Amino acid sequence: MAMPPSQSIRSESEMVPELRPVMPVDLFRAVMKGDREVLTRRLGLQAVEQTETRVTIDDSHSAPEEINTDKKTVQSELQCATRIGDTILHLLIIEGHNELALMVFKRDMSLLKARNNMSETPLYCAAKVGNEKVIENLIQSDRLIVKDALQEGNKNGDTALHIAARHGHKDIGRMLMNLDQEAAYKVNDKMESPLYMAIIERYSQVVQTMLEVDPSLACTPFSDGMFPIHHSARMGNQYLVKEFFETYPNDVELRDSLGRNLFHIAAEENNLIVFSCVFEDASFREKIERMITTTNYEGDTPFHIAARKGHREIMRAIWEYYQDADTVTNKKGWTPFEVSTFQVVETIENIYDDDISKYVKTEGNKFTRRWFEDVMVPLLDSEDRWERTQVVGLGSVLITTVTFAAAFTIPGGYNEDHGTPILGRKYMFRAFILANTLAFIQGSISLFSLLMTAINDDYNSAIPLATISFLLALSSMIVSFGLGLYVTLTPVCHPIAVLILVISLFFGSPPGGHSIAFIQTTLIRRSNRRAMNYQGYVSFVVSFLIIFFLAFL
């Protein structure tokens, strides 16, 4: 069982670091350098046993008084700290002066629980920087003191085991759990346990190490009601999921507080790799089929969830593994296929009820390969939407910027006497101005459509308009480019001017642009990397020869 919330709550007095004398500069420098001679003399690290023996043997009253004075000075320096609250033990551990750190610890063991301004103890800092050796030495010196210090958390409630798990220090985690297994159940202020942190940070070896020390952690729920295998599936960590299947086969069917198993969660997060790694193990087929048809408390199987969210690849993987999963109905009496038909009709613009009806007449109310390959398309999630919007928006901005500049830096320049365009009476010049203006207007419409998308959040209507406007603006800009060069080059090189105009008109027209895009896409799909490199070299050489041949005309 997870620790109750009360164990993660700390009083204000525990949070406030102790007020300590400021560490002298020379002592600070000696600590940072690990100067053993200075620290031994200032802190009396090797004179402890001698002083105690002298007090016991000497019967005079003056000697103990002098020794007590020395002890007060030594104790004052032992308890001093920097401006940020780090004690001598903090600094020695952080800098890796492990032998001196152990000597200071033996001189004053209370320093192991001393807090700096971040409420971090020396043990916490040792786990943070991965100082495995000093932790081992401290445990060998006094296990009970170190075990007690392990319960101390920083300002966020993180203990030394929390920070070791967060930074992937598996050996330190093993030592601390062997020292106190209950520390693995302690949660911080966010109700996060060390095992939860290791899973979230994707440190699979730390998770495996913690489960080796305490296997019961695998079947212990976190504060959100989910088990370790559920969060591993949510993060798409195939290695941990497979480890759970092989090491804890009786725990893989665990369900969280919502009745979900790991397949439900993987289907929600669209983590296909979780299904793939589990489906590879044929020895668990019966168990896997049972998990696929398991319903959560809302009555949905993992197949229903994947269908509702439009996760096509996961749906196909489930269907190919166990086709009978499509016969399971949820609380509304719907099969995954019926859920998928609603998803397709509601979210895909180019698919209508007639297309679904035609499919049902030929294939029936069931999934086939045709459904996944021809009918269904994955949902355009928010990330894809944002990327598409960025591409269209950036392209529209560039087009409007270029066309705006071209309107005032026209080909041929201006007449100095009248300020009018020199080539203003040319037919092709007027065509250039019209094409440039059209490109600027269409680019502005595209930007305006994206602005309306941000304001109204109406993606389905605004994004297509912005895309069409962007494509029209791009075509107009290509045509205006060709017209501008034609007007400029005609007086000096008419053949090249005509060729550039023809090429620009072809690429600027929708049929020409679409045909080139289709040819390039086909070549990419049918060619391997070596063939694509070969075609690239050939294209470069041919283009180079054509350019220089035309230049000599």
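Residues numbered from 1 in each chain as written. Predicted model: local features only at pLDDT ≥ 70, side-chain atom pairs only at ≥ 80, totals over all residues. Heavy atoms only, no water.

## A word on the pattern of salt bridges
Just so we agree on the cut-off: Whenever Lys or Arg places a side-chain nitrogen within 4 Å of a carboxyl oxygen from Asp or Glu, that contact is recorded as a salt bridge. Strands here are runs of E lasting at least two residues and helices are runs of H or I lasting at least four, both read from the DSSP assignment and numbered beginning at the N terminus. Relative accessible area decides the class of each residue, using a 1.4 Å probe on protein chains only: under 20% of the type maximum gives buried, over 50% gives exposed, and in between gives partly exposed.
In this structure the tally under the stated criterion is 21 salt bridges. Between Arg 290 and Glu 253 there is a salt bridge whose closest N-O contact spans 2.8 Å. Pair noted here: Arg 290 is in helix H19 (residues 285-292) and Glu 253 is in the loop between helix H16 (238-247) and helix H17 (262-268), with a separation of 37 residues, a long-range link. Looking at Arg 290, the relative accessible area reads 37%, which means it is partly exposed. Linking Arg 369 and Glu 320 is a salt bridge whose minimum nitrogen-to-oxygen distance equals 3.0 Å. One end of the pair, Arg 369, is in helix H24 (residues 369-375); the other, Glu 320, is in helix H21 (residues 312-321), and 49 residues separate them in sequence.

## A word on a nonpolar patch on the surface
Using the following cut-off: Nonpolar side chains (Val, Leu, Ile, Met, Phe, Trp, Tyr) within 5 Å and like charges within 9 Å form the patches, drawn only from residues with over 30% relative accessible area and no salt bridge. Per-residue accessibility takes into account occlusion by the displayed protein chains alone, with areas from the Shrake-Rupley method and a 1.4 Å probe.
On the surface, Phe 404, Phe 408, Tyr 414, Phe 440, Ile 441, Ile 445 and Leu 465 cluster together to form a nonpolar patch covering roughly 660 Å² of accessible area. Of all elements in the fold, only helix H25 (382-408) and helix H26 (427-456) reach the threshold of two or more residues within the nonpolar patch. For the nonpolar patch, the element with the highest residue contribution is H26, accounting for three residues.

## Looking at unusual backbone geometry
In this structure, Met 191 takes a positive phi of about 60° despite not being glycine. Of note, Met 191 is situated in the loop between helix H12 (170-179) and helix H13 (194-200). You will see that Arg 202, though not glycine, has its phi angle at about 65°, which is positive. You can see Arg 202 is positioned in the loop between H13 and helix H14 (204-213).

## Re the packing of H14 against H16
Quick reminder of the rule: With axes taken as lines fitted to C-alpha atoms, and helix axes fitted only over the stretch in contact, angles between N-to-C directions fall between 0 and 180 degrees. For classification purposes, an angle smaller than 35 degrees is called roughly parallel, one larger than 145 roughly antiparallel, one from 65 to 115 roughly perpendicular, and anything else oblique. Each crossing is labelled by how the near helix is turned from the far one, with a counterclockwise turn of less than a right angle marking it left-handed and a clockwise turn marking it right-handed. For this analysis, residues touch if any pair of their heavy atoms sits within 4.5 Å. Think of it as three bins: nonpolar holds Ala, Val, Leu, Ile, Met, Phe, Trp, Tyr, Cys and Pro, charged holds Asp, Glu, Lys and Arg, and polar takes everything else, Gly as well.
Packing of H14 against H16 brings their axes to within 10 Å, and their N-to-C directions diverge by 25°. The pairing of H14 with H16 is recorded here as roughly parallel in orientation. Read as a crossing pair, H14 and H16 show a hand that is right-handed. Where H14 abuts H16, its residues Ser 204, Val 207, Gln 208 and Leu 211 lie against Leu 240, Glu 243 and Phe 244. Residue composition of the contact of H14 with H16, grouped by class: four nonpolar, two polar and one charged.

## Description of the nonpolar core
The line we're drawing: The set of buried Ala, Val, Leu, Ile, Met, Phe, Trp, Tyr and Cys residues whose side-chain atoms join them within 4.5 Å is what this entry labels a nonpolar core.
Membership of the largest hydrophobic core comes to 103 residues, with the highest contact counts inside it found for Ile 135 and Trp 371. When residues no more than four places from it in sequence are discounted, the contact partners of Trp 371 are Phe 337, Ser 340, Thr 341, Val 344, Ile 356, Tyr 359 and Met 376.

## Section: the confidence of the model for the chain
Rule in force here: Each residue gets a pLDDT score, which is the predictor's confidence in that residue and runs from 0 to 100.
Here the chain averages 81 in pLDDT, and 78% of its residues register 70 or above. Under a pLDDT of 50 for its full length, residues 1-9 has, in the predicted model, 14 contacts with residues more than four places off or in other chains. Between residues 47-69, whose pLDDT stays under 50, and residues either more than four places distant or in other chains, the model counts six contacts.

## Brief notes about H16
Rules: In this description, one arc is meant: the one made by directions from the helix axis to the C-beta atoms.
For H16, the complete set of buried residues consists of Leu 240, Val 241, Phe 244 and Phe 245. The arc enclosing the buried residues of H16, seen along the axis, measures out at 140°, which places them on a common side. Along its buried surface, H16 packs onto H13, H14, helix H15 (228-234), H17, helix H18 (272-279) and H19.

## Focus: the environment of Thr 247
By the secondary structure assignment, Thr 247 is in helix H16. It is 9.8 Å that separates the C-alpha atoms of Thr 247 and Ala 218, two residues lying 29 residues apart in sequence.

## Some remarks on H18
Every buried residue of H18 is listed here: Val 274, Phe 275, Cys 277, Val 278 and Phe 279. As for H18, its buried residues are in contact with H15, H16, H17, H19 and H21.

## Structural notes on the packing of aromatic side chains
Note the threshold: Stacked, tilted and edge-to-face are the three classes applied to pairs of Phe, Tyr and Trp rings, where Trp contributes its six-membered ring and a pair requires centres within 6.5 Å; stacked means planes under 30 degrees apart, edge-to-face means over 60, and tilted covers the rest. Cation placement over rings: the criterion is NZ of Lys or CZ of Arg within 6 Å of the ring centroid and within 35° of the ring normal.
For the structure on display, the rule yields 19 aromatic pairs. Considering the side-chain rings of Phe 244 and Tyr 248, the 5.9 Å spacing of their centres and the 45° angle between planes classify their relative orientation as tilted. In this structure, Phe 244 and Tyr 248 share a single accessibility class: buried. When the ring of Phe 337 is compared with that of Phe 367, the centres are 5.3 Å apart and the planes differ by 80°; the resulting orientation is edge-to-face. Separated by 30 residues along the polypeptide, Phe 337 in helix H22 (residues 336-347) and Phe 367 in the loop between helix H23 (353-363) and H24 bring together distant segments of the chain. Look at Phe 337 and you get buried, because its relative accessible area is 1%. With relative accessibility at 3%, the residue Phe 367 sits in the buried group. Aromatic rings pair up to connect Phe 303, Trp 319, Phe 337, Tyr 359, Phe 367, Trp 371 and Phe 372 into one cluster. Positioned above the aromatic ring of Tyr 321, the side-chain terminus of Arg 285 is 4.3 Å from the ring centre.

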